[in-house]
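# Secondary and tertiary structure notes
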Amino acid sequence: ESTSWDNTHSFGQARQAYATQANRSYGQAKQEGRTNDALLPPRVVSPTRRLVILVIDVTGSMGGWPDTFFDKAPYLAHEVKTYLGEGAYIMICAHGDARCDTPEDFPSQIRPPSGDRESLKTSLTEIVHTKGGGGQMMETSELIGLYLRDNLELPDGDEKQIVVFITDEKPYPSIS
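First, a word on what this report is: a plain description of the structure on this page. Note that this is a predicted model, so its numbers are computed, not measured.

Listed as buried for helix α4 (residues 117-126) are Leu120, Ser123 and Leu124. Summarising the axial view, the buried residues of α4 lie within an arc of 100°, below the 170-degree limit, and thus occupy one face. Looking at where α4 begins, the residue whose side-chain oxygen comes 3.0 Å from the main-chain nitrogen of Glu118 is Asp116.

Here it is as structure tokens:
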């Protein structure tokens, strides 16, 4: 399962490694005493305006989809550089459901922009998979949008950011 762009990457091995990490991330974070504040900085400064922002649903309803995304992350990093240039970065965000989860359950997580595959991999492994949510057809992905609007600092320039939500539930219609 090697690739033409990286003969050292195996999709299956990457997926398995991430699935193992994701399945223990919540318990490990709690055991280490990590708080949501550690994963939700008060401000994020991007070194570039060429930024792809991925918002990943880490509730239980997503099943193995986050694992599939992780095994393809190096390819995404390769493609972003190919289409947006060497100065492009990827920023990983994750959401649970703040209306069902407690604030200690990591309902919104933001990692710093990553400029290479290794820092992207680090960002992905820092995400805590809560596997929570409430099954009411909505989850709080809109909180990530609000956070980005208010707390993402970009350098001056014309380029637009790309934000992709990977989720299986719609956002709530309002934020209280």
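Within the largest apolar cluster, 16 residues are counted, with the highest numbers of intra-cluster contacts made by Leu54, Ile56, Phe69, Ile90, Ile92, Leu120 and Leu124. Mapped onto this core, the elements with two or more residues apiece are β2 (51-57), α3 (65-84), β3 (89-95) and α4. When residues of this core are assigned to their parent elements, the largest contribution, 5 residues, is made by α3.

This brings us to helix α5 (residues 142-151). Residues of α5 that are buried: Glu142, Ile144, Tyr147, Leu148 and Asn151. Contacts made by the buried residues of α5 are with β1 (44-45), β2, β3, β4 (108-110) and β5 (152-153).

What follows deals with the side chain of Thr140. Relative to the assigned elements, Thr140 resides in the loop between α4 and α5. Judged by its relative accessible area of 2%, Thr140 falls in the buried class. A distance of 2.8 Å separates the side chain of Thr140 from the backbone nitrogen of Ala98, its partner in a polar contact. Apart from the residues within four sequence positions on either side, Thr140 is in contact with His95, Gly96, Asp97, Ala98, Arg99 and Tyr172.

This paragraph deals with empty space enclosed by the protein. One way to see where empty space is left: roll a probe the size of a water molecule over the atoms. Enumeration over the complete set of coordinates arrives at 2 cavities of 30 Å³ or more. Approximately 50 Å³ is the volume found for the largest cavity. For the lining of the largest cavity, the elements supplying multiple residues, two or more each, are α3, β3 and α4. Per-element accounting of the lining of the largest cavity gives the leading share, 3 residues, to α3. Counted by class, the lining of the largest cavity contains 6 nonpolar, 2 polar and 3 charged residues.

Conventions and cut-offs
- One numbering rule holds for all chains: residues counted from 1, following each sequence as written.
- Reporting in this predicted model follows two pLDDT cut-offs: at least 70 for local features of residues, and 80 or more for side-chain atom pairs to be given and counted; totals over whole chains, interfaces and linings ignore these cut-offs and use all residues.
- The basis for every side-chain value is the complete set of non-hydrogen atoms in the structure, without hydrogens or water.
- Whether a residue is buried, partly exposed or exposed follows from its accessible area with a 1.4 Å probe, protein chains only, as a fraction of its type maximum: under 20%, in between, or over 50%, in that order.
- Helix and strand assignments come from DSSP, with helices taken as H or I runs of at least 4 residues and strands as E runs of at least 2, each series counted from the N terminus.
- This arc corresponds to the set of directions leading from the helix axis out to the C-beta atoms.
- Residues adjacent in sequence count toward polar contacts only when both atoms are side-chain atoms; beyond that, a polar contact is any pair of N or O atoms within 3.5 Å, and within protein one must be able to donate a hydrogen and the other to accept it.
- Here, nonpolar core means buried Ala, Val, Leu, Ile, Met, Phe, Trp, Tyr and Cys residues that are tied together by side-chain atoms lying within 4.5 Å of each other.
- Here, residues are in contact when the closest pair of their heavy atoms is within 4.5 Å.
- Note on definitions: the grid is 1 Å and covers protein atoms alone; a cavity is a set of points where a 1.4 Å probe fits but cannot get out; a pocket is an open set with protein on both sides within 12 Å along at least five of seven lines; lining residues have an atom within 4 Å of a point.
- Grid points are joined across faces, edges and corners, and a volume is the space filled by probe spheres set on the points.
- All amino acids are sorted into three groups, where Ala, Val, Leu, Ile, Met, Phe, Trp, Tyr, Cys and Pro are nonpolar, Asp, Glu, Lys and Arg are charged, and the leftover types, Gly among them, are polar.

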